[in-house]
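# Structural description and commentary
Here are the chains, one letter per residue:
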Amino acid sequence: MIVEAKEQARGLIAALRWAALCLAVLTVPACSLPRGAAITSEILDAERAEIGAYQVVRVSRANAAAIATWPRTATQTHYAWPPASAGARGTAIRAGDVLSLAIWDSQDNSLLTEPGARSVEIPRMTVSPEGTIFVPYLDEINVSGKPPAEARRLLQDRLGSIAPSAQVQLERVAGARNSVDLVSGVASPGSYPLQDGPLRILSAIAQGGGIAPGLRHPLVRLQRGGRSYTIRAERLLDHAPLNIPLRGGDVIALLEDERSFTAFGATGTEQLIRFEQEEITAMEALSLIGGLSEGRANPKGVLVLRDYGHETLRSDGTGPSRRQVVFAFDMTSADGLFAARRFRIAPGDTVMATESPVTSVRTVLGLVGSAFGVASGVQNY
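Right, let's walk through the structure included here.

## Examining the overall build of the chain
- Helices and strands together make up the secondary structure of the chain, namely 10 helices and 16 strands.
- For the chain, buried positions account for 39% of its 381 residues.
- A sequence separation of at least 24 residues applies to 66% of the contacts in the chain between residues at least 6 apart.
- Just so you have it, the chain exposes about 21,000 Å², and 54% of that area is on carbon and sulfur atoms.

Structure below.
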């Protein structure tokens with residue numbers, strides 16, 4: 001009787017084991033297991049359930065080039081820089097400059113000099129807003145837009161009618177309109193005058209003490225004539241033709257590149273990632289975030305989440321059809337890998353690696369294994 005009772009108990013425990021296993025397997029889709037990221041199907045399949053909420057675009061080599069031509073987001077920037085042909089006008093006299101004249105005349109009865117003197121000085125004449133200066137006996141002389149040497153010859157020629165032997169010396173101190181302002185990102189911000197020779201932008205930055213050492217991935221921003229131009233400092237340093245001459249009134253600021261994207265999910269890191277270069281591809285972004293988490297990530301479910309403005313929406317495929325777009329990559333195929341090398345990350349994007357379904361199965365099996373261990377302990381007891 002005792003042996004028979006033990007056999008019945010063993011059979012009951014085995015039946016309980018199978019019941020627990022079946023219950024665990026059947027409830028996998030419904031249960032909420034501890035996870036660090038969503039599963040691919042949870043995001044991509046929800047597109048059908050939430051009609052019109054967002055758009056899913058599976059990126060491949062076939063459509064990567066077309067996506068690259070889509071309208072830019074509000075956070076995307078396109079750096080523009082003046083051409084090298086935009087020459088300097090800093091050597092020309094402009095309104096606000098201060099001119100000083102020294103007039104030499106060897107005549108004994110000169111109208112310009114006092115008796116016994118051979119020269120007369122006319123110091124600190126500010127060029128008027130109309131571009132003129134007043135010279136005795138000559139009235140108003142327009143010198144705006146003329147280099148100092150040309151203005152000197154003009155004055156000497158005009159003096160020839162009253163003092164044929166007169167010779168003129170001219171000195172110029174640049175005014176506000178013939179100066180450039182360094183406003184940030186250098187050791188010594190301030191106003192720097194443009195004197196006789198052209199001043200190039202790298203020379204101006206050097207005069208200001210150079211790029212501040214604490215500036216990460218600095219940008220050089222130039223404001224000129226109501227327009228703003230931006231270039232990465234490293235590109236400006238590497239390409240000599242971009243070292244353009246400055247013009248009076250230019251404003252220069254050195255700024256830190258604050259563009260970033262977010263890494264999330266089953267990746268090597270979950271944090272805000274700064275742009276370390278002008279453009280970053282999806283493949284480079286994965287490298288910056290430490291790749292995909294081994295054992296957790298689903299390489300077929302790498303996603304880039306992006307917001308577009310309403311004005312960028314298109315119905316003909318030349319742009320997004322929804323303001324929120326999920327770009328999906330399959331990193332297990334050569335097609336997906338090459339597509340990721342061509343796809344450019346935009347500032348503000350979220351680069352997400354979804355969790356592999358295998359992770360959930362492992363969790364379930366671990367729970368079942370634990371349950372079996374408990375049951376086995378009861379049996380042995």
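From this point on, the discussion continues.
## Details of the side chain of T354
- Mapped onto the elements of the fold, T354 is located in strand β16 (residues 350-355).
- One polar contact links the side chain of T354 to the main-chain carbonyl oxygen of G301, over a distance of 2.8 Å.

## Details of empty space enclosed by the protein
- Tallying each qualifying case throughout the model produces 1 cavity of 30 Å³ or more.
- Estimates place the volume of the largest cavity at around 30 Å³.
- Every residue lining the largest cavity is listed: A282, L286, V302, V304, F329, M331, A340 and V351.
- Breaking the lining of the largest cavity down by element, the ones donating at least two residues are α8 (282-288) and β14 (297-307).

## Section: the nonpolar core
- With 26 residues, the main nonpolar core has V59, F261, F327, F329, F343, I345 and V351 as its most contacted residues.
- At the level of secondary structure, the elements contributing two or more residues to this core comprise α4 (61-68), β12 (260-265), α8, β14, β15 (324-329) and α9 (334-342).
- The contacts of V59, once residues within four sequence positions are left out, are A64, I67, F327, A328, F329, A339 and F343.
- Formed by 21 residues, the second largest nonpolar core is a distinct cluster that contains I231, A233, L246 and I252.

## Notes on the pairing of β14
- Bridge count between β14 and β16: 5 bridges; the pairing is antiparallel. Each residue of the ladder has a partner; that of L303, found in β16, is M352.

## Structural notes on the sheet that holds strand β3 (residues 119-126)
- Strands sit in the order β3-β2-β6 across an open sheet of 3 strands; the sheet is antiparallel. Of all strands in the sheet, those bounded by a partner on one side alone are β3 and β6 (167-173). Each strand of the sheet is rotated relative to its neighbour by a mean of 15°, with strand direction disregarded.
- Strands β2 (98-104) and β6 of the sheet are contacted by helix α5 (residues 148-159), whose axis makes an angle of about 145° with β6.

What counts as what
- Numbers given for residues are sequential positions, taken from 1 along each chain in its written order.
- Two thresholds apply to this predicted model, a pLDDT of at least 70 for residue-level local features and 80 or more for giving and counting side-chain atom pairs, whereas whole-chain, interface and lining totals are computed over all residues.
- The basis for every side-chain value is the complete set of heavy atoms in the structure, and neither hydrogens nor water enter the calculation.
- Each helix is a run of H or I in the DSSP string that is no shorter than four residues. Each strand is a run of E no shorter than two, and both are numbered from the N terminus.
- When accessible area is computed with a 1.4 Å probe and restricted to protein chains, residues below 20% of their type maximum are described as buried, those above 50% as exposed, and intermediate ones as partly exposed.
- Throughout, a contact is declared for two residues whenever any of their heavy atoms are within 4.5 Å.
- Accessibility throughout is a Shrake-Rupley quantity obtained with a 1.4 Å probe, and a residue counts as covered only by protein chains that appear here.
- Any N or O atom pair separated by 3.5 Å or less is treated as a polar contact, with the protein-specific requirement of one donor-capable and one acceptor-capable atom, and with residues adjacent in sequence counted only for side-chain atom pairs.
- Cavities and pockets are found on a 1 Å grid laid over the protein atoms alone: a cavity is a set of points where a 1.4 Å probe fits but cannot escape, a pocket is an open set with protein on both sides within 12 Å along at least five of seven lines, and a lining residue has an atom within 4 Å of such a point.
- Grid points are joined across faces, edges and corners, and a volume is the space filled by probe spheres set on the points.
- Within this scheme, the nonpolar core is defined by two criteria: the residues are buried Ala, Val, Leu, Ile, Met, Phe, Trp, Tyr or Cys, and they are joined through side-chain atoms within 4.5 Å.
- Between any two strands, pairing holds if DSSP finds at least two bridges.
- The angle between two axes is taken between their N-to-C directions and runs from 0 to 180 degrees, where each axis is a line fitted to C-alpha atoms and a helix contributes only its stretch in contact.

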